[in-house]
Amino acid sequence: MSGRFLVTGGAGYVGSHCVATLLDRGHQVVVIDDLSRGHREAVLEGAVLIEGRCGDPATLARAFALGPFDAVLHFAAHSLVGESMAEPFPYFRDNVGEGIALLEAALAAGVRRFVLSSTANLFGAPAEMPITEDTPLAPASPYGESKFFFERILAWADRIFGLRYATLRYFNAAGADPAGRLGEDHDPETHLIPLALDAALGRRPPLTIFGTDYPTPDGTCIRDYIHVSDLATAHLAALEAIARGSRAYNLGTGHGYSVREVIAAVERVTGRRVPVIEGARRAGDPPVLVASSARIQAETGWQPRFTTLDEIIATAHAWRLAHPDGYR
Ligand code: UDP
């Protein structure tokens, strides 16, 4: 059955891929995005873009006038761990404060389903892998803390107003739309895979490996990379699951890859060397983060379609070749 969804941050990396999945499945989509980090070109034809901040009353009024919405999917946020360690207050003010304005407007408009983009940063640096939904929460940065606060606010909205919500703890989003319509284009770019691809293609300086003395087999950090379109389908699965009650789900593939393994995969996929510099650790990086997504798989039947790093990187590479300057 076709529905209507309000997507904040729908011009951003993960949000735009989720909008694409919603449109592909025949749903109607309204996007709120201030285009501060997102791209107008990333909002596919068929979606309505309302330019503005998701905490701005006039923007919210315009958006909710286009309802009624079956659910709100809330992607808009500041989302860089390192930036949040230097400038914490926009993280608390906007990720929490604007989220509350959005949530109040959604409840006032009668919306009772809400999906939050949350993060593996909630878990800090746990001793045991993989990370399940029962792993204790210990946010490692103002970014993670801001998502933790908003998860708690959603829990109270459930208790008081009967809101059904899913909070989805993304591990490392990677890759690009397999149909080639969308990709990853951050400014500044800080993420490993796009930087490694650009280094291989000679479009950026050599890649700096942040730390080679971690307690891991090759000394570099291990992360769980999940394809951005698999994150998108997980949102739809979660929306169905919350009919039975609010949920928290971890989203990864369950496989961890070191920075050196990612570089080797980029070299296989591109057929080029990635020039590297071995540098110091980056503040706040835990040595290993690998998700267990057993809960969402068991409860909804969701499965990642992209299960190998090479497949994920191949989609990112294809988009980069077609869009060497990103959306510009
Ligand atoms: N990384 C790196 N060099 C870079 C960017 C990232 O070595 O130029 C490492 C980073 O320390 C982390 C991993 O690559 O261990 C993934 O980092 P990214 O910023 O892509 O995602 P994060 O894990 O911070 O969400």
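This text goes with the structure placed above it.
**Q** Residue-level account of the pattern of salt bridges, with values.
**A** This model, assessed by the stated rule, comprises 22 salt bridges. Among the salt bridges present, the one from D134 reaches R295, with a minimum N-O distance of 3.4 Å. Within this pair, whereas D134 is found in the loop between β5 (113-119) and α5 (142-161), its partner R295 is found in helix α9 (residues 294-300), the two being separated by 161 residues in sequence. Its relative accessible area of 64% is what places D134 among the exposed residues. Given the relative accessible area of 28%, R295 is considered partly exposed. Between D213 and R281 there is a salt bridge whose closest N-O contact spans 2.9 Å. With D213 in the loop between β8 (207-210) and β9 (222-223) and R281 in the loop between β13 (276-279) and α9, the pair connects residues that are 68 residues apart, well separated along the chain. For D213, a relative accessible area of 52% translates into the label exposed.

**Q** Could you give me a rundown of the pairing of strand β1 (residues 4-8), with the residues and numbers involved?
**A** Within β1, 4 of the 5 residues are buried, which leaves the element mostly enclosed by the surrounding structure. Handedness of the β-α-β unit built from β1, helix α1 (residues 13-24) and strand β2 (residues 28-33) comes out right-handed. Bridge analysis of β1 against strand β4 (residues 71-74) gives 4 bridges, and the strand direction is parallel. Bridging from a neighbouring strand, L6 pairs with V72 of β4.

**Q** Quick one: what's the story with the site of the ligand, residue by residue and with numbers?
**A** Near the ligand you find 15 residues, and of these L192, T208, F210, R282 and D285 are the closest. Between D285 and the ligand, the recorded distance is 2.6 Å, taken from a side-chain N or O atom to an oxygen atom. Taking 520 Å² as the accessible area of the ligand by itself, protein coverage stands at 88%. Classifying every residue of the shell around the ligand gives 8 nonpolar, 4 polar and 3 charged.

**Q** Outline unusual backbone geometry, listing residues and values.
**A** For the bond from M129 to P130, the omega torsion is -5 degrees, close enough to zero to count as cis. If you trace the backbone, P130 turns up in the loop between β5 and α5. In the segment running from D187 into P188, the intervening peptide bond is cis, with an omega of 5 degrees. Structurally, P188 is set in the loop between β7 (172-174) and α6 (192-200). Positive phi is not limited to glycine here, since L35 has a value of about 60 degrees. In this fold, L35 is placed in the loop between β2 and β3 (48-51).

**Q** An account of the side chain of T315 is requested, with residue identities and associated values reported.
**A** In this structure, T315 sits in helix α10 (residues 309-322). You can call T315 buried: its relative accessible area is 12%. Within the structure, the side chain of T315 is placed 2.7 Å from the backbone oxygen of I312, a separation counted as a polar contact.

**Q** Provide a residue-level description of helix α2 (residues 57-64), including the pertinent values.
**A** Turning to α2, its buried residues are T59, L60, A63 and F64. Buried residues of α2 fall within an arc of 120 degrees about the axis and therefore sit on the same side.

**Q** Kindly report on the packing of helix α8 (residues 259-270) against α10, identifying the contributing residues and their values.
**A** Angle between the axes and distance between the axes are the two parameters that describe a pair of packed helices. Orientation of α8 relative to α10, taken along the N-to-C sense of each, is 60 degrees, at an axis distance of 9 Å. By the criterion of interaxial angle, the relationship of α8 to α10 is oblique. The crossing of α8 and α10 is right-handed. Taking contact as the criterion, the partners of E261, V262, A265, V266, R268, V269 and T270 in α8 are, on α10, L309, D310, I313, A314 and H317.

**Q** An account of the side chain of D230 is requested, with residue identities and associated values reported.
**A** For D230, the location among the structural elements is in helix α7 (residues 228-241). No salt bridge is formed by the buried D230. Its closest oppositely charged neighbour is R305, at 6.2 Å. Leaving out residues up to four positions away in the same chain, D230 has contacts with W302, Q303, P304, R305 and F306.

**Q** Before we move on, could you go through the nonpolar core and cite the residues and values that matter?
**A** Membership of the largest hydrophobic core comes to 35 residues, with the highest contact counts inside it found for L73, L168 and L251. Of all the elements in the fold, those that place two or more residues in this core are β1, α1, β2, β4, β6 (164-170), α7 and β11 (247-251). With residues up to four places along the chain from it excluded, the contact list for L168 reads V115, L116, S117, S118, T119, A234, H235, A238, Y249 and L251.

**Q** Hey, could you go over the packing of aromatic side chains for me, with residue numbers and the actual values?
**A** In this structure the tally under the stated criterion is 5 aromatic pairs. Between Y91 and Y143, the aromatic rings sit 6.1 Å apart at their centres with planes inclined by 75 degrees, giving edge-to-face as the arrangement. Remark: Y143 occurs in helix α5 and Y91 occurs in helix α4 (residues 88-108); sequence separation between them is 52 residues. With a relative accessible area of 1%, Y91 lands in the buried category.

The rules behind each value
- Residues numbered from 1 in each chain as written.
- Predicted model: local features only at pLDDT ≥ 70, side-chain atom pairs only at ≥ 80, totals over all residues.
- Heavy atoms only, no water.
- Salt bridge = Lys/Arg side-chain N within 4 Å of Asp/Glu carboxyl O.
- Helix = DSSP H or I, 4+ residues; strand = E, 2+ residues; numbered from the N terminus.
- Buried < 20%, exposed > 50% of the residue type's maximum accessible area, 1.4 Å probe, protein only.
- Right-handed = clockwise from strand over helix to strand, strands pointing away.
- Pairing = 2+ DSSP bridges.
- Near = heavy atom within 4 Å.
- Polar contact = N/O pair within 3.5 Å; in protein donor to acceptor, adjacent residues only side chain to side chain.
- Areas by Shrake-Rupley, 256 points an atom, 1.4 Å probe, with all protein chains shown as cover.
- Nonpolar A, V, L, I, M, F, W, Y, C, P; charged D, E, K, R; others polar.
- Arc of directions from axis to C-beta.
- Axes fitted to C-alpha atoms, helices over the stretch in contact; angles between N-to-C directions.
- Parallel < 35°, antiparallel > 145°, perpendicular 65-115°, else oblique.
- Left-handed = near helix turned anticlockwise from the far one by under 90°.
- Contact = heavy atoms within 4.5 Å.
- Lys, Arg positive; Asp, Glu negative; His and termini not counted.
- Core = buried A, V, L, I, M, F, W, Y, C linked by side-chain atoms within 4.5 Å.
- Phe/Tyr/Trp six-rings, centres within 6.5 Å; stacked < 30°, edge-to-face > 60°.

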